[in-house]
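Each chain, written out:
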Amino acid sequence: MILSLLYKLNHALLWQREINVWERRMRAASLDRLVYLGLHRLGWMGEDEAILLRRLVRPGMQVVDVGANIGLYSLLLAQLVGRNGSVMA
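Residues numbered from 1 in each chain as written. Predicted model: local features only at pLDDT ≥ 70, side-chain atom pairs only at ≥ 80, totals over all residues. Heavy atoms only, no water.

### Considering the overall build of the chain
What the chain contains, in helices and strands, is four helices and four strands. Starting at the N terminus and walking to the C terminus, you meet the elements of the chain as α-β-β-α-α-β-α-β. Over its C-alpha atoms the chain spans a radius of gyration of 15 Å, topping by over 25% the 12 Å that the globule rule assigns to 89 residues. Seen through its C-alpha atoms, the chain measures out along the principal axes to roughly 50 × 25 × 20 Å. In the chain, which comprises 89 residues, the share counted as buried stands at 30%. Of the contacts made within the chain by residues no fewer than 6 positions apart, 40% connect residues no fewer than 24 positions apart. Split by element, the accessible area of the chain, about 6500 Å² in all, is 60% carbon and sulfur. Computed over 11 positive and 7 negative side-chain charges, the separation of the two mean positions in the chain equals 6 Å. (Helix = DSSP H or I, 4+ residues; strand = E, 2+ residues; numbered from the N terminus. Rg over C-alpha atoms; globule rule 2.2 N^0.38 Å. Buried < 20%, exposed > 50% of the residue type's maximum accessible area, 1.4 Å probe, protein only. Contact = heavy atoms within 4.5 Å. Areas by Shrake-Rupley, 256 points an atom, 1.4 Å probe, with all protein chains shown as cover. Lys, Arg positive; Asp, Glu negative; His and termini not counted. Charge placed at Lys NZ, Arg CZ, Asp CG, Glu CD.)

Shown next, in the form of structure tokens:
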């Protein structure tokens, strides 16, 4: 019963909103996703990874995002590989 209550609280409509991260608009479907995106937006999480990807990934590349989660890095990769590249998540 407690797990069910926690699940409902985490997925309440209150938390479902859009947030801008890395010049992309992402939709959070739950409180944990909203916190995850908020930490990225503030630069407290993921900034080093984003810098590394921006250095390594070039237009036209084919990239695999293993464990893509909600797709935040997939969207960044798609931007970096451009129209002639591809991202498999």
